[in-house]
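# A closer look at the structure
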Amino acid sequence: MSDPVAGAVGGSLSALLSPPLIALFLGLAIIAVLLRRGGGGGFSFRGKVKAKPLLTATERRFLYQLEDAVPECRVYVQVSMGALMRAVKGSDQRELMSVRNRFSSKIVDFVVEDHEGVVVALVELDDLSHHAGRDAQRDSMTAAAGYRTVRFRAGRVPAVAGIRADVLNLSV
């Protein structure tokens, strides 16, 4: 005579050891290991990157002045030139990529946009890290795309009325 309890246990154990269920458990185990490692590929960013402030204290003070100067506009900070410009398609793909690579990773300190979404001005707050030659080249590039760049020197920023006049290109 066979034992009905042993038969039931043995039957359920063999169901648990079926090839599809083994494959499922193995797959879940692999996914768990990959997630623990940081998303796959064995590389983890843990301990290799660190958050930093979006603006320096000087840039933040200037932002408040700029927003006070042009309350009818929206001010964006730290905008990639790649979000503002694109290389014009030409006959040579290499030249297109070369032009794009010259601006795509550069950052504009502040972008001022009117209520219709038109960029009024690109605003740069120049500190000791800025170099006149490179700044002139950047300004030439953004001007070729149709933008006007307004530069202020950190430590020599005019009063709010002066900022307004310069950004909106008004006569004072």
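Reference entry: report on the structure contained in this document. (Residues numbered from 1 in each chain as written. Predicted model: local features only at pLDDT ≥ 70, side-chain atom pairs only at ≥ 80, totals over all residues. Heavy atoms only, no water.)

## As for the overall build of the protein chain
When its secondary structure is counted, the protein chain shows 7 helices and 4 strands. Across the protein chain, helices and strands are ordered from the amino to the carboxyl terminus as α-α-α-β-α-α-β-β-α-β-α. A burial count over the protein chain gives 23% of its 172 residues as buried. The long-range fraction of contacts in the protein chain, counting pairs at least 24 apart against all pairs at least 6 apart in sequence, stands at 60%. A total accessible area of about 12300 Å² is found for the protein chain, and carbon and sulfur atoms account for 59% of it. (Helix = DSSP H or I, 4+ residues; strand = E, 2+ residues; numbered from the N terminus. Buried < 20%, exposed > 50% of the residue type's maximum accessible area, 1.4 Å probe, protein only. Contact = heavy atoms within 4.5 Å. Areas by Shrake-Rupley, 256 points an atom, 1.4 Å probe, with all protein chains shown as cover.)

## Notes on the sheet that holds strand E3 (residues 119-126)
The 4 strands are arranged E1-E2-E3-E4 in an open sheet whose pairing can be described as mixed. Two strands bound the open sheet, and with one partner strand each, they are strand E1 (74-80) and strand E4 (149-153). Averaged over all adjacent pairs, the angle separating strand axes in this sheet is 30 degrees, with direction ignored. Here E3 pairs with E4 via 5 bridges, running parallel. Bridged to Asp-126 within E4 is Arg-153. Here helix H3 (residues 57-69) sits on the sheet in contact with E1, strand E2 (107-113), E3 and E4, set at roughly 15 degrees to E2. Packed onto the sheet, helix H6 (residues 132-144) meets E2, E3 and E4 and runs at close to 155 degrees relative to E4. (Pairing = 2+ DSSP bridges. Axes fitted to C-alpha atoms, helices over the stretch in contact; angles between N-to-C directions.)

## Examining empty space enclosed by the protein
Tallied over the full model, the rule gives 1 cavity of 30 Å³ or more. Around the largest cavity, the lining residues are Met-81, Val-108, Leu-122, Glu-124, Arg-138, Asp-139, Thr-142, Thr-149 and Arg-151. When contributions to the lining of the largest cavity are tallied by element, the ones reaching two or more residues are E3, H6 and E4. Tallying contributions element by element places H6 first for the lining of the largest cavity, with 3 residues. A per-class count over the lining of the largest cavity returns 3 nonpolar, 2 polar and 4 charged. (1 Å grid on protein atoms, 1.4 Å probe; cavity = no way out; pocket = protein on both sides within 12 Å on 5 of 7 lines; lining within 4 Å. Points joined across faces, edges and corners; volume = space filled by probe spheres on them. Nonpolar A, V, L, I, M, F, W, Y, C, P; charged D, E, K, R; others polar.)

## Comments concerning the pairing of E2
Burial runs high along E2: 6 of the 7 residues are buried. With 6 bridges joining them, E1 and E2 adopt antiparallel strand pairing. In the sheet register, Val-79 faces E2, and the bridge partner there is Val-108. By the bridge criterion, 4 bridges tie E2 to E3 in an arrangement that is antiparallel. The residue bridging Phe-110 from the neighbouring strand is Val-123, located in E3.

## Thoughts on unusual backbone geometry
For residues that are not glycine, phi is negative in most cases, and the peptide bond is trans in most cases. One non-glycine residue, Gln-78, lies in the positive phi region at around 50 degrees. Residue position: Gln-78 is located in strand E1. Phi is positive for Asn-169, close to 60 degrees, though the residue is something other than glycine.

## Focus on H6
The end-to-end C-alpha distance of H6, which contains 13 residues, comes to 18 Å, matching closely the 18 Å that a straight helix rising 1.5 Å per residue would cover. Turning to H6, its buried residues number three or more, namely Asp-135, Arg-138 and Thr-142. Viewed along the axis of H6, the buried residues span an arc of 60 degrees, placing them on a single side of the element. Seen from the buried face of H6, the exposed residues on the opposite side, beyond 90 degrees, are Ala-132, Gly-133, Gln-137 and Ala-144. Against the buried residues of H6 lie helix H4 (81-84), E2, E3 and E4. Remark: Gly-146 follows H6 within two positions and exhibits a positive phi of approximately 100 degrees. (Expected span 1.5 Å × (residues − 1). Arc of directions from axis to C-beta.)

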